[in-house]
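Working through the structure, step by step
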Amino acid sequence: MRLSLRAGLVAVLSAGIGGLGVQASAQTPEQFYAGKTIDFVIGYPPGGSNDTFGRLLARHLGKHIPGKPAIVPKNQPGAGSFLAVNTIFNVSPKDGTVIGIGAPMIPLDEKLGTQGVRFKTAELNWIGRIDSLVNIVFMWKTSPVKTFADAQKIESTLSGTGVGSTVSIYPTATNNVLGTKFKLVMGYKGSNEAMLAVERGEVEGHSTSWTALKVAHPDWVRDASVAILVQFALKRHAELPDVPTVVELARNEEERAILSAIMNATEVGTAFFTTPGVPADRVSALRRAFDASMKDPELLADAQRINVGVSPLAGEDLQRLVAEVSQLPPALLDKVRAAYTMLRTN
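Residues numbered from 1 in each chain as written. Predicted model: local features only at pLDDT ≥ 70, side-chain atom pairs only at ≥ 80, totals over all residues. Heavy atoms only, no water.

With that out of the way, let us pick up the sheet that holds strand β9 (residues 226-232). Strand order across the open sheet formed by five strands is β7-β6-β8-β5-β9, with mixed pairing between neighbours. Two strands in the sheet have a free side with no partner beyond their single neighbour: β7 (182-185) and β9. For this sheet, the mean inter-axis angle between neighbouring strands, taken without regard to orientation, is 30°. Sheet analysis places strand β5 (residues 135-140) next to β9, joined by six bridges and oriented antiparallel. Bridge pairing links methionine 139 to alanine 227 in β9. On the sheet, helix α7 (residues 166-178) packs against β5, β6 (156-159), β7, β8 (205-209) and β9 and is oriented at approximately 155° with respect to β7. (Pairing = 2+ DSSP bridges. Helix = DSSP H or I, 4+ residues; strand = E, 2+ residues; numbered from the N terminus. Axes fitted to C-alpha atoms, helices over the stretch in contact; angles between N-to-C directions. Contact = heavy atoms within 4.5 Å.)

Set out below in structure tokens:
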């Protein structure tokens, strides 16, 4: 008798739990997100371009997501954004309540087996990109280095942040491939602190995004307090028509191929993703909310006010772009890895 009662109780409980599972899985995105909070994880310190873009999107995205969840931006800097990306991939809930932004180089870092990578970028669900991310090297007006050719002849100091950041990757790649003599002084906590070091005379220059420079110090550009030597991109930014791209400065086809592979990160740009394993209808809801945000007059006015560009890429296209990194020819990948390996041991 006791056994039959126990069996009956187990059956009832199992049916109840199973029913809850069906009920949860049957929720629409609107039902799921209503009353929820989305953690918006920015893998960098406050004040840089990724933080600026992340907070811009966080201010406007929620009203376009079904159920209108609250969105709370949180900075989680460390290891050139690897700390945040690793956490999102391995630890965060797989339900669409976490959105992140990390370094545009993370697909290439994964392919190259860079130390500290514990994520698979193709398994992240990519939501969309606000803008391509064009980095530059600029030198303070007192530096003897005024042009890229000068940088190939004269040693100069640049403030650096994490080794996984484009702030450090791009100038060192030019050292390895094009023979520049940039010396990175590491340990600054984000581009704002690194730019302050330039102004204080601790270093001669800095490599950061064009957006970060023009947002933080438009007066430096206006007053010609800095000389911009090179832009890290596949093509010249519309606002920098007279500054050569690093690809243009390649001296042969091999250098051009290596630098082009690395510069593909500029197309990934300021891109946002959520965790693996999120139900497809929620991923779609986040992507369509992102698309709507990119056309939102309030977001566009906000972007103009803070002096940042908007050149969006939809989540589906971004997902394909990230996957293309895995298709680099093995011989080219070996050459990129060699340049990267030198970077990591500098």
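A few words now on the packing of helix α3 (residues 49-60) against helix α14 (residues 297-305). At their nearest, the axes of α3 and α14 sit 10 Å apart, and the two run at 155° to each other. As judged from the angle between their axes, α3 and α14 are roughly antiparallel. Helix-helix and strand crossings are classified by hand; for α3 and α14 the assignment is right-handed. Between α3 and α14, the contacting residues are Leu56, Leu57, Arg59 and His60 on the first element and Glu298, Leu299, Asp302, Ala303 and Arg305 on the second. For the contact of α3 with α14, a count of residues per class yields four nonpolar, one polar and four charged. (Parallel < 35°, antiparallel > 145°, perpendicular 65-115°, else oblique. Left-handed = near helix turned anticlockwise from the far one by under 90°. Nonpolar A, V, L, I, M, F, W, Y, C, P; charged D, E, K, R; others polar.)

The end-to-end C-alpha distance of α3 is 17 Å, a good match for the 16 Å that twelve residues give at a rise of 1.5 Å each. Three or more residues of α3 are buried, namely Ser49, Asn50, Asp51, Thr52, Phe53, Gly54, Leu56, Leu57, Ala58 and His60. (Expected span 1.5 Å × (residues − 1). Buried < 20%, exposed > 50% of the residue type's maximum accessible area, 1.4 Å probe, protein only.)

Per the counting criterion, the structure on display carries eight aromatic pairs. Each ring, one from tryptophan 140 and one from tryptophan 220, has its centre 4.9 Å from the other, and the planes form 75°; the classification is edge-to-face. On the criterion of sequence distance, the pair formed by tryptophan 140 in strand β5 and tryptophan 220 in helix α10 (residues 218-222) is long-range, its members being 80 residues apart. For tryptophan 140, a relative accessible area of 14% gives the class buried. Its relative accessible area of 2% is what places tryptophan 220 among the buried residues. For the pair phenylalanine 272 and phenylalanine 290, a centre-to-centre distance of 6.4 Å together with 45° between the ring planes defines the contact as tilted. Remark: phenylalanine 290 occurs in helix α13 (residues 280-294) and phenylalanine 272 occurs in strand β10 (residues 271-274); sequence separation between them is 18 residues. Each of the two residues, phenylalanine 272 as well as phenylalanine 290, counts as buried. Ring pairs connect the aromatic residues Phe40, Phe272 and Phe290, which therefore count as one cluster. Its end group placed over the ring of phenylalanine 32, arginine 282 keeps NZ or CZ at 3.6 Å from the ring centre. (Phe/Tyr/Trp six-rings, centres within 6.5 Å; stacked < 30°, edge-to-face > 60°. Lys NZ or Arg CZ within 6 Å of the ring centre and 35° of its normal.)

As enumerated under the stated definition, the model contains 19 salt bridges in all. Arginine 59 is paired through a salt bridge with aspartate 302; the nearest N and O atoms lie 2.8 Å apart. One end of the pair, arginine 59, is in helix α3; the other, aspartate 302, is in helix α14, with 243 residues separating them in the sequence. On the basis of relative accessibility, which here comes to 44%, the residue arginine 59 falls in the partly exposed class. With relative accessibility at 9%, the residue aspartate 302 sits in the buried group. (Salt bridge = Lys/Arg side-chain N within 4 Å of Asp/Glu carboxyl O.)

In this section: the sheet that holds strand β1 (residues 37-42). Reading across the sheet, the six strands line up as β2-β1-β3-β10-β4-β11 and stay open at both edges, with mixed pairing between neighbours. Each having just a single partner strand, β2 (70-75) and β11 (313-314) make up the two edges of the open sheet. For strand β4 (residues 125-129) and β10, the ladder comprises four bridges, and the chain directions are antiparallel. Among the inter-strand pairings, glycine 128 is bridged to a residue of β10, identified as phenylalanine 272. Along the sheet, helix α15 (residues 315-324) makes contact with β4, β10 and β11, crossing β4 at roughly 115°.

As defined by bridge partners, β1 adjoins β2 across six bridges and the pair is classed as parallel. When the bridges of β2 are listed, threonine 37 appears paired with alanine 70. Between the parallel elements β1 and β2, the chain passes through α3 in a crossover that is right-handed. (Right-handed = clockwise from strand over helix to strand, strands pointing away.)

Although it is not a glycine, serine 81 adopts a positive phi angle of roughly 85°. Inspection of the secondary structure puts serine 81 in the loop between β2 and α4 (82-90). One non-glycine residue, asparagine 307, adopts positive backbone phi at about 70°. When you line up the elements, asparagine 307 lands in the loop between α14 and β11. Overall, asparagine 307 belongs to the partly exposed group, its relative accessible area being 35%.

With that settled, the discussion passes to the pairing of β5. Burial within β5 is extensive, with six of its six residues counted as buried. Here β5 shows a buried face lined by Asn135, Val137 and Met139 and a second buried face lined by Ile136, Phe138 and Trp140. As judged from the five bridges shared by β5 and β8, these two strands associate in the antiparallel manner. Directly across from methionine 139, in β8, lies its bridge partner glycine 205.

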